[in-house]
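# An overview of the molecular structure
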Amino acid sequence: CVQETGTWGFLLQFVMRKAMIIFTTIAYLSNALVAPPKIVEKLMPLDRSSEREGANITHVLLHFSSLCVLDQKNPYDLEKQIQIYVDAEASAHFLLDRQGVIYLLVAESRKAWHAGKGKLRWAPYMEDTLNFHSIGIELMGIGSWEDMKIFMTKEQYDNIEKKDLGFTNAQYRSLNTLLGYLTKKYDIPRDRCHILGHNDWADNEHRTDPGHFFFYSKIGLPQYPTMCK
């Protein structure tokens, strides 16, 4: 009888510990999905964005950015990166650095200039208008050679250090939090029909980001859009 009681007591403690772990994990994930992220304001000049003209925000568009064409040994510099956007008359709402810090470059209420021309095969009526309807997120990262060959030579690409390729775990964590915040705020479905890569919008001959080294599974999504209407 004592032995049976001890066994049942052990099993009860084991089950309670497991339940607590599960509860804690669910609470953590739920918080990550809905909690407003910590955002550092670093607003670009106002003339690098424009009015949304009343358009609803329905999509998020992901990009990669780096200085790798200019400097293969030091491809990530926040100030220089933002200046490149300014000089190119381009912009995005958010930029995530390699440490996962989220910078606000353009107010969400304004239209950032990041999507350019393109279309969605399941929504042809949106052709060339995604800037009006999207939040643009730049991640400091570098894709595969297949992704980057439209921008640089093979010799340049081979000079990039392996540690600078792809994206960091800190970026994925911050992106998860940011996406949770944005999808809740704007009632955007968290699926691959609404969370897009630039290459989903523009053809791969012109835009390949976020590239083959970006794993959508790390933000809870399939690698490619499917079943979109």
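Heads up: the structure comes first, above all this text.
Cut-offs used in this document
- Residues numbered from 1 in each chain as written.
- Predicted model: local features only at pLDDT ≥ 70, side-chain atom pairs only at ≥ 80, totals over all residues.
- Heavy atoms only, no water.
- Patch = residues over 30% accessible without salt bridge, like charges linked within 9 Å, V, L, I, M, F, W, Y side chains within 5 Å.
- Areas by Shrake-Rupley, 256 points an atom, 1.4 Å probe, with all protein chains shown as cover.
- Salt bridge = Lys/Arg side-chain N within 4 Å of Asp/Glu carboxyl O.
- Helix = DSSP H or I, 4+ residues; strand = E, 2+ residues; numbered from the N terminus.
- Buried < 20%, exposed > 50% of the residue type's maximum accessible area, 1.4 Å probe, protein only.
- Pairing = 2+ DSSP bridges.
- Lys, Arg positive; Asp, Glu negative; His and termini not counted.
- Polar contact = N/O pair within 3.5 Å; in protein donor to acceptor, adjacent residues only side chain to side chain.
- Contact = heavy atoms within 4.5 Å.
- Axes fitted to C-alpha atoms, helices over the stretch in contact; angles between N-to-C directions.

## Examining a nonpolar patch on the surface
- The grouping of V69, L70, I84, I150 and F151 at the surface amounts to a nonpolar patch, some 420 Å² of accessible area in total.
- Examined against the element boundaries, F151 turns out to sit in the loop between α4 (145-148) and α5 (154-158).

## Describing the pairing of strand β3 (residues 59-65)
- With seven of seven residues buried, β3 lies mostly within the body of the structure.
- Here β3 shows two buried faces, one formed by H59, L61, H63 and S65 and the other by V60, L62 and F64.
- When β3 meets strand β7 (residues 134-140), the two strands line up parallel, connected through seven bridges. The residue of β7 that forms the bridge with V60 is I135.
- Alignment of β3 against strand β8 (residues 195-197), held across three bridges, turns out to be parallel. Looking across to β8, one finds that L61 is bridged to L196.

## Focus: the side chain of D97
- Looking at the secondary structure, you find D97 in the loop between β4 (94-96) and β5 (102-104).
- Although D97 is buried, it makes no salt bridge; R98 carries the closest opposite charge, 8.1 Å away.
- For D97, the side chain forms a polar contact with the main-chain nitrogen of Q99, separated by 2.9 Å.
- With residues up to four places along the chain from it excluded, the contact list for D97 reads Y103, M140 and Q171.

## With respect to the sheet that holds β5
- One open sheet accounts for six strands, arranged β1-β5-β4-β7-β3-β8; its pairing is mixed. The open sheet has two edge strands with one neighbour each: β1 (39-41) and β8. Within this sheet the neighbouring strands show an average axis-to-axis angle of 30°, counted without direction.
- Here helix α6 (residues 169-186) sits on the sheet and contacts β3, β4, β5, β7 and β8; the angle it forms with β7, its principal contact strand, is near 175°.

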